[in-house]
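For reference, the chains in residue letters:
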Amino acid sequence: MWLSRCLRSQAARRRSSAAALSKCSSPRGDANWGDANRGDANVSPFRRLAGPAARASKALLFRKHGDPSKVVQLEDVDLPPIGAKDVLVKMLAAPINPSDINMIQGTYAILPDLPAVGGNEGVAQIVEVGGQVTSLRTGDWVIPKDAGLGTWRTVAVLAEDDVIALPSDIPLLSAATLGVNPCTAFRMLCDFEDLKAGDSVIQNAANSGVGQAVIQIAAARGISTINVIRDRAEFTQLSDRLKAMGGTHVIKEEALRRPDMKELFKNCPKPKLALNGVGGKSATELLRHLQYGGSMVTYGGMAKQPVTVPVSALIFKDVKVRGFWVTQWKRDHSRDGKAFRAMLDELCRLIQQGKLTPPACTEVGLQDYSRALDRATQPFTSAKQVLIL
């Protein structure tokens, strides 16, 4: 019952880290999953559909750290009993994020007790609730409040307090990828500089999940974005796609040192905020274009190189160099969930209005997990791998 201990141990969850389809015919379209059983919260439509086998789950486990293609295995796992404050959920979809890969490799800042179920993000539907559950109902869509729940599995028993409900009228793909990248983008745009319509933001890794969310959230607020991406064969196509999302300017990394930047800033104000997901020289170049007193926020380090801050940027421009980790933000706000709830509500409104879409995704069945893991670790990955569960 290692999985039961893992689910019920707050300490284990705290050591763990912190898209799919726009349709899912079985969970979303079958009334047995929702309204048909809302009259009795303790009757499980999942149990009726699946019978006794509902008490077991297929899960992607890793028993040691290492190469994901070698250490992750698809196994059957027994489920613990549903406690009074627990919910039984059917996982619908779960993406494969860089942090998931790093956690399996053993290189992430926090690591789970082993063996562990992979995955820190995803969306599930509640199919049974414990007798003392008050905030959730059968049929609700939920996402994890924090990292470490292990989303790469078909079924799970989770504590009521470990998940938070979403509206079920948003696309499944959006729901599955909401908890990490859009939340990271939202907080960085809100918490470091007082940005107003007409201001600008510069970012590298603009084609990443976070970068695409930054573009769309900023555009919805009338904020211009200068989006930096690495050169590649399909640069023009990628540039056009980012602009179609609302990106104001899309440039190659090498252009940051060219005189062309002076021309760009004739029609665009110098940015108050720089968002760094790369590190190394790319981050240093972002700093050069910040306005006086601006902030650079680092949320990733894909180049695996340190951030070097020129002395001149500190003395003559008084720039602020900060870091951000959405997992820590969620934990800092875990006692009072109002901020998290308000953020999700605003993001969901943008989704409902068609102003925030998920990144390009490749849907992969659970049995094809090896292929998905392999693709997720390739450079210049153009689509997020999402497990359909």
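Structure's up top.
Everything quoted here is computed from the prediction, not taken from an experiment. (Residues numbered from 1 in each chain as written. Predicted model: local features only at pLDDT ≥ 70, side-chain atom pairs only at ≥ 80, totals over all residues. Heavy atoms only, no water.)

Novice: What's the story with the sheet that holds strand 1 (residues 56-62) in this structure? I'm lost.
Specialist: Within a beta sheet, neighbouring strands are joined by backbone hydrogen bonds and run either parallel or antiparallel to one another. Taking strand neighbours across the sheet as the criterion, the three strands line up as 2-1-4 in an open arrangement whose pairing is antiparallel. The open sheet has two edge strands, strand 2 (72-78) and strand 4 (116-117), and neither has a second partner. As paired elements, strand 1 and strand 4 share two bridges and run antiparallel to each other. Within the sheet, the bridge partner assigned to Phe 62 lies in strand 4 and is Ala 116. (Pairing = 2+ DSSP bridges. Helix = DSSP H or I, 4+ residues; strand = E, 2+ residues; numbered from the N terminus.)

Novice: Please explain the pattern of salt bridges as it appears in this structure.
Specialist: Where charged atoms from two side chains of opposite charge approach closely, those side chains can pair. Under the definition given, this model contains 15 salt bridges. Between Lys 58 and Asp 76 there is a salt bridge whose closest N-O contact spans 3.0 Å. Here Lys 58, found in strand 1, pairs with Asp 76, found in strand 2; they are 18 residues apart in sequence, far enough to count as distant. Taking relative accessible area as the criterion, Asp 76 reaches 57% and is therefore assigned exposed. Of the charged contacts in the structure, one is a salt bridge between Glu 263 and Lys 266, with a shortest N-O distance of 3.0 Å. Remark: Lys 266 and Glu 263 occur in helix 11 (residues 260-267); sequence separation between them is three residues, near one turn of the helix. Assessed through its relative accessible area of 60%, Lys 266 is described here as exposed. Within this structure, Arg 257, Glu 285 and Arg 288 form a network of salt bridges that share partners. (Salt bridge = Lys/Arg side-chain N within 4 Å of Asp/Glu carboxyl O. Buried < 20%, exposed > 50% of the residue type's maximum accessible area, 1.4 Å probe, protein only.)

Novice: What's the story with the environment of Ala 94 in this structure? I'm lost.
Specialist: Looking at where Ala 94 falls in the secondary structure, it is placed in strand 3 (residues 86-95). Residue Ala 94 is classed as buried on the basis of its relative accessible area, which comes to 0%. A sequence separation of 28 residues divides Ala 94 from Gly 122, and the C-alpha atoms of the two residues are 4.0 Å apart.

Novice: What is the right way to read helix 8 (residues 181-191) from this model?
Specialist: In terms of burial, helix 8 is largely enclosed, as nine of its 11 residues are buried. Of all the residues in helix 8, the buried ones are Asn 181, Pro 182, Cys 183, Thr 184, Ala 185, Phe 186, Arg 187, Met 188 and Leu 189.

Novice: Is there a simple way to explain the packing of helix 8 against helix 15 (residues 338-352) in this structure?
Specialist: Any two packed helices are characterised by how steeply their axes cross, that is the angle between the axes, and by the distance between the axes. Packing of helix 8 against helix 15 brings their axes to within 11 Å, and their N-to-C directions diverge by 105 degrees. The pairing of helix 8 with helix 15 is recorded here as roughly perpendicular in orientation. Counted together, Pro 182, Cys 183, Phe 186 and Arg 187 of helix 8 and Phe 340, Met 343, Leu 344, Glu 346 and Leu 347 of helix 15 form the full contact between these two elements. For the contact of helix 8 with helix 15, the per-class residue count stands at seven nonpolar, no polar and two charged. (Axes fitted to C-alpha atoms, helices over the stretch in contact; angles between N-to-C directions. Parallel < 35°, antiparallel > 145°, perpendicular 65-115°, else oblique. Contact = heavy atoms within 4.5 Å. Nonpolar A, V, L, I, M, F, W, Y, C, P; charged D, E, K, R; others polar.)

Novice: So what exactly am I meant to see when it comes to helix 9 (residues 209-220) here?
Specialist: Note on helix geometry: an α-helix contains 3.6 residues per turn, so any two residues three or four positions apart are oriented the same way. For helix 9, spanning 12 residues, the distance from its first C-alpha to its last is 17 Å, which sits close to the expected 16 Å at 1.5 Å a residue. Across the 12 residues of helix 9, 10 count as buried, placing the element largely inside the fold. Those residues of helix 9 lying buried are Gly 209, Val 210, Gly 211, Gln 212, Ala 213, Val 214, Ile 215, Gln 216, Ile 217 and Ala 218. Close packing links the buried residues of helix 9 with helix 8, strand 9 (200-203), strand 10 (224-229), helix 10 (235-245), strand 12 (273-276) and helix 15. The positive-phi residue at the C-terminal boundary of helix 9 is Gly 222, with phi of around 75 degrees. (Expected span 1.5 Å × (residues − 1).)

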